[in-house]
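# Report on the structure
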Amino acid sequence: MNLSVTKLAALNVRKDLRLEWRSRDVLNSMLFFALLVVVIFSFAFAPTREESRRLSGGLIWTAFLFSTTMALNQSWARELRNGVLDAYRVAPAPAESLFLGKCLGNFLLVLILECLMAPLFVLFYNLTAVGAYWQLIVICLLGTWALVVNGTFFAAMSIRTRNRELMLPLLLLPVSIPAVTAMVTATSNVFTGDSSALVQIKFLAVFCVVYTTISVLLFDTVLNAE
Amino acid sequence: MKSPFFYLLLVVNVVLLGWGTYQALVVAPPEITMGDAQRIFYYHVPAATAASILFGINFLASVWYLVSRNAVADALAVACAEVGVVFFGVVLVSGPIWARYAWGTFWVWDARLTTSLILWLLYVSYLVLRNSSESGSTSVLAASLAVFAAMDMPIVYMANRWFPTQHPQPMIGTPNLDHNMQTVLLWNMAAFCMFGVMISWFRYGIERTKQKIDQLHIQKATAGSPAMALPALLLFQMDDKLLREKAVQHQYMVIGYVAVWTIYIGYLLFLLVKLQKMKREAASLGLKEN
């Protein structure tokens, strides 16, 4: 069997998505959680139209960040049952393909979540973008990738520790704060139209490239850490 | 436990620390508007420099460990990360004490302060990971995390160069810093960088002994994160009206210096207690000291 990394990654994505489609436990819990966050924030702050333009960048990304954490924990915890992770370890397939497959799978899941949640945000918070709204798509793609690539890596790391799920936020949040700050500022800039979001978008792009590279390089080490 | 060379350097370091502090408190000219409160600067900046050097060594040692799986590299990485966290803790405690005087508030969320806090959190999470992973994989996982953490260092370093910040701009070698002040600062930098290296050396020795003990029996040694930020409690009683008086400047300086030394000495005591425990454990297992 000679399969390239991309083909193997695609196989992994298909397998993950099929599993998710059949059970739908991750997407459902993510969606419900994000919905709860939106509702809680909206009556905790009760913002006016102007305020919500300023606040919603932070609200949106906080909601997505926490619900992503749920998905990430699940994506590896699933592999622990029946020793699937050990099977991956002895398989001749390169570890990068597994990592990239997982990343893409999680990326798609979070994107679906974002597409479903975005209309709700607009509805609940009366959002209208003053700045260039097409930039939101770029911010969304880059930001989601930044969260997912670090998240998938650190979820793989945290299932190797004693307190598993507890460890992930402790490791993931400090590493991704610079990216989250950039996403929040960029999103708020687009909503309010006060200043350009281009600096933050560039920063996010660099962040994605740097952290994807390190994650791919180190994943094999973490998977086989003994 | 240590060579005579270590003790010789220790004496030199203590003299250097004393000289640096004397320079900072007596020789350095008072700043025009901030008076004595500005003297916190001579402890704040050197601690940051020392912490950066230690985090840098941690990064190199981690890469070395990932390549060679050498226990020496691992011990070096732990020692530098832990001492680096303590030194950076000093930065994060002494900075706000000064800021309370200079800006009227302990903390603002500007680029430099935020990125610094993140850097500190990253290395705290590194220490947490070391204490909670399964024994076999700890070092590999921690070394991988260290590579991620190191990527944040350039961001912190450049934060007040790239973005407009409330935090002062870099001053060494610029006309903004008085020549005498710069000399005092450089003395203190030398003293505290050496101090950092000496404690790391000491901590490294402890880590090596720990590795030997672990080989004798698999048991987790508990290591708590150092207690910090206690001295900040002193500041809650201060009144804003008094702010600009000379006595108050002096008070801030004293609180700053006491806070810094509380952290350093607290950490050293923590290490000594740890060492004593370890010695007893080693003796009970029959480990020979070298």
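Note that the coordinates shown come from a computational prediction; the quantities given were computed from them, not determined experimentally.

Another aspect to go through is the overall build of chain B. For chain B, the count of helices and strands is eight helices and zero strands. Element order for chain B, N to C, with α for helix and β for strand: α-α-α-α-α-α-α-α. A total of 290 residues make up chain B; the buried ones form 40% of that total. Across chain B, contacts joining residues at least 24 apart in sequence account for 82% of those joining residues at least 6 apart.

For the rest of this paragraph, the subject is the overall build of chain A. Assigned secondary structure in chain A consists of eight helices and zero strands. In terms of C-alpha radius of gyration, chain A reaches 18 Å, essentially the compact-globule figure of 17 Å for 226 residues. Here the C-alpha coordinates of chain A stretch approximately 55 × 35 × 30 Å along the principal axes. Each of the 226 residues in chain A was classed as buried or not, and the buried ones make up 44%. The long-range share in chain A, meaning contacts at least 24 apart out of those at least 6 apart in sequence, stands at 85%.

One broad rule of soluble globular proteins: the nonpolar side chains tend to lie buried together. If you look at the biggest cluster of nonpolar residues, it comprises 141 residues, and the most contacted ones within it are Ala146 and Leu204 of chain A together with Ala77 and Phe87 of chain B. Residues within four places of Phe87 of chain B in sequence aside, it is in contact with Ala47, Ala50, Ala51, Leu54 and Gly196 of chain B.

All names here are of chain A. With 31 residues, helix 5 (residues 95–125) should cover 45 Å at 1.5 Å per step; its first-to-last C-alpha distance of 43 Å lies within 8% of that length. Along its length, helix 5 shows its largest kink, about 30 degrees, at Met117, and proline Pro119 lies within four residues downstream of that point. Of the residues trailing helix 5, Asn126 is marked for its positive phi of about 55 degrees.

We now examine the packing of helix 5 of chain A against helix 8 (residues 198–223) of chain A. Residue and element names in this part refer to chain A. For the pair helix 5 and helix 8, the least separation of the axes is 9 Å and the interaxial angle reads 110 degrees. In terms of their interaxial angle, helix 5 and helix 8 are classed as roughly perpendicular. The two elements helix 5 and helix 8 meet at a crossing, and its hand is right-handed. Listed contacts from helix 8 to Ala95, Glu96 and Phe99 of helix 5 are Ser215, Val216, Phe219, Asp220 and Leu223. Counted by class, the contact of helix 5 with helix 8 contains five nonpolar, one polar and two charged residues.

Now for the interface of chain B and chain A. Taken together, the 21 residues of chain B in the interface contact 19 residues of chain A. Of all the secondary structure elements, the ones that give two or more residues to the side of chain B that touches chain A are helix 4 (111–132) and helix 5 (138–150) of chain B. Tallied by class, residues from the side of chain B that touches chain A come to 13 nonpolar, six polar and two charged.

Residue and element names in this part refer to chain B. Over its 13 residues, helix 5 extends 18 Å from the first C-alpha to the last, a length consistent with the 18 Å expected when each residue adds 1.5 Å. In terms of burial, helix 5 is a largely internal element, 12 of the 13 residues being buried. Of all the positions in helix 5, only Thr138, Ser139, Val140, Leu141, Ala142, Ala143, Ser144, Leu145, Ala146, Phe148, Ala149 and Ala150 are classed as buried.

Our focus in this paragraph is the packing of helix 4 of chain B against helix 6 (residues 153–162) of chain B. All names here are of chain B. Contact geometry of helix 4 with helix 6 gives a least axis separation of 8 Å together with a crossing angle of 160 degrees. Comparing their axes, helix 6 and helix 4 come out roughly antiparallel. Classified by chirality, the crossing of helix 6 by helix 4 is left-handed. Packed against helix 4, whose contacting residues are Ala111, Arg112, Thr115, Ser116 and Leu119, the element helix 6 presents Met153, Ile155, Val156, Ala159 and Asn160 at the interface. Residue composition of the contact of helix 4 with helix 6, grouped by class: six nonpolar, three polar and one charged.

Mean pLDDT over chain A stands at 86; residues scoring 70 or higher make up 99%. Least confident of the elements in chain A is helix 2 (residues 25–45) of chain A, whose mean pLDDT is 83; most confident is helix 6 (residues 134–158) of chain A, at 92.

All right, on to the environment of Met30 of chain A then. All names here are of chain A. Here Met30 shows up in helix 2. For Met30, a count of 25 C-beta atoms within 10 Å translates into the label buried. Taking the C-alpha atoms as reference points, Met30 and Ser67, 37 residues apart in sequence, are found 5.1 Å from one another. For Met30, the residues in contact, after removing those within four places along its chain, are Ser67, Met70, Ala71 and Leu113.

Another point: unusual backbone geometry. Not every positive phi belongs to a glycine, and Arg69 of chain B is a case in point at roughly 55 degrees. For Arg69 of chain B, the location among the structural elements is in the loop between helix 2 (41–68) and helix 3 (71–102).

Residue and element names in this part refer to chain B. On the secondary structure map, Ile213 appears in helix 7 (residues 179–216). Sequence separation of Ile213 and Leu287 is 74 residues, and the distance between their C-alpha atoms is 7.6 Å. The contacts of Ile213, once residues within four sequence positions are left out, are Met278, Glu281, Ala282, Leu285 and Leu287.

Residues and elements named next belong to chain B. Put simply, chain B has an average pLDDT of 82, and 86% of its residues get 70 or more. Here helix 6 stands out as the element of chain B with the lowest mean pLDDT, 81, in contrast to helix 2, whose mean of 93 is the highest. Residue range residues 218–234 is modelled with pLDDT below 50. Its contacts to residues more than four positions away, or to other chains, number 24 contacts. Interface confidence for the predicted complex, given as ipTM, is 0.76, next to a pTM of 0.80.

Here we take up the environment of Asn13 of chain B. Residue and element names in this part refer to chain B. Here Asn13 lies in helix 1 (residues 4–27). Of the residues examined, Asn13 has 19 C-beta atoms within 10 Å and is grouped as partly exposed. On a C-alpha basis, the gap between Asn13 and Cys193 in space is 9.7 Å, while along the polypeptide they are 180 residues apart. Among residues more than four places away in sequence, those in contact with Asn13 are Met194, Phe195 and Met198.

Reading guide: rules and limits
Residues numbered from 1 in each chain as written. Chains lettered and ligands numbered in written order. Predicted model: local features only at pLDDT ≥ 70, side-chain atom pairs only at ≥ 80, totals over all residues. Helix = DSSP H or I, 4+ residues; strand = E, 2+ residues; numbered from the N terminus. Buried ≥ 20, exposed ≤ 12 C-beta atoms within 10 Å, placed from the backbone. Contact = placed C-beta atoms within 7 Å. Rg over C-alpha atoms; globule rule 2.2 N^0.38 Å. Core = buried A, V, L, I, M, F, W, Y, C linked by C-beta atoms within 7 Å. Expected span 1.5 Å × (residues − 1). Bend = angle between axes of the 7 residues up to and from the residue. Axes fitted to C-alpha atoms, helices over the stretch in contact; angles between N-to-C directions. Parallel < 35°, antiparallel > 145°, perpendicular 65-115°, else oblique. Left-handed = near helix turned anticlockwise from the far one by under 90°. Nonpolar A, V, L, I, M, F, W, Y, C, P; charged D, E, K, R; others polar. pLDDT = per-residue confidence, 0-100.

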